[in-house]
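Here is what each chain is made of, one letter per residue.
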Amino acid sequence: MTEQQPLRNRVSAGTVLLLLLVFAMTLTGVNVTNTLERAMQEEFEILRGRNVLTQGMTQSVTAAVQHVNRLSAGDTIAVRDGIRSIRLSLIAATASYRELGTLTDAENESLSIIRSTALQLENQVADRGEFSASVDTLLATTRALTEAQNTSAEIRAAALSDSSTKRRSMVWLLFVVALIMGVGSAVTTVRAVVLPLRRLVGATERIGSGDLRPVDLGAMPR
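Being a predicted model, the structure only gives us computed values, none of them experimental. (Residues numbered from 1 in each chain as written. Predicted model: local features only at pLDDT ≥ 70, side-chain atom pairs only at ≥ 80, totals over all residues. Heavy atoms only, no water.)

The subject of this paragraph is the nonpolar core. The biggest cluster of nonpolar side chains holds 21 residues, and the ones touching the most others in it are Met-57, Ile-83, Leu-90, Tyr-97 and Phe-131. Listing elements by their share of this core, those giving two or more residues are α1 (7-72), α2 (76-98), α3 (105-121) and α4 (128-208). Among the elements that make up this core, the one with the highest residue count is α2 (six residues). (Core = buried A, V, L, I, M, F, W, Y, C linked by side-chain atoms within 4.5 Å. Buried < 20%, exposed > 50% of the residue type's maximum accessible area, 1.4 Å probe, protein only. Helix = DSSP H or I, 4+ residues; strand = E, 2+ residues; numbered from the N terminus.)

Our focus in this paragraph is the pattern of salt bridges. Applying the stated criterion across every chain, the model contains five salt bridges. We note a salt bridge from Arg-156 to Glu-43, for which the minimum N-O separation is 3.0 Å. Here Glu-43 lies in helix α1 and Arg-156 lies in helix α4, a separation of 113 residues in the sequence. The exposure class of Glu-43 is partly exposed, given its relative accessible area of 25%. (Salt bridge = Lys/Arg side-chain N within 4 Å of Asp/Glu carboxyl O.)

Tracing the sequence through the fold places Thr-141 in helix α4. Given the relative accessible area of 7%, Thr-141 is considered buried. When sequence neighbours within four positions are dropped, the list of residues in contact with Thr-141 reads Ser-110, Ile-113 and Ile-114. (Contact = heavy atoms within 4.5 Å.)

Below, the structure is given as structure tokens:
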């Protein structure tokens, strides 16, 4: 009679494999949760930072609009000093905005227009019409930047949702693999017990009926 792999080894191997798969599934689930939490926190910080900068640029442009009225009153010196401060504020804000992660083409374009227009403001104080046109450009561009920022937030949210879906799919895949392997291990172990046991019972019944011919039980597990 030949021997198969011991049943204890079969059960132990199947149990260890299932435990490893469960551990991997748990580890993946925890990793997914932590990754999503970090990503959401990072996106929140980026969005908050951009909102603060956009609000600051809007306030600077609003101040520039007020300087248009001052310029009409002939207060050129005060306007020039105020515009110098606005120019520096807008340039710093656009630079800080670019540092907050990847930007869309619309955001890049708006920031470039705001920066280039701000650089020209101080030299345009002497020409009220040209100065007023630049301020109008800044107003329109800051509105466009706000819209582009909202669009960018939607794109980032969609990407985050897609990443979440993929990671959840990975967890489900591990679960399905663990389920299949668990069922397969159980079925294989049961067959390894039931089939040899049937042969053994059959041989015992034959011997009990008086048939003493040699019995070949085939491969039997220990």
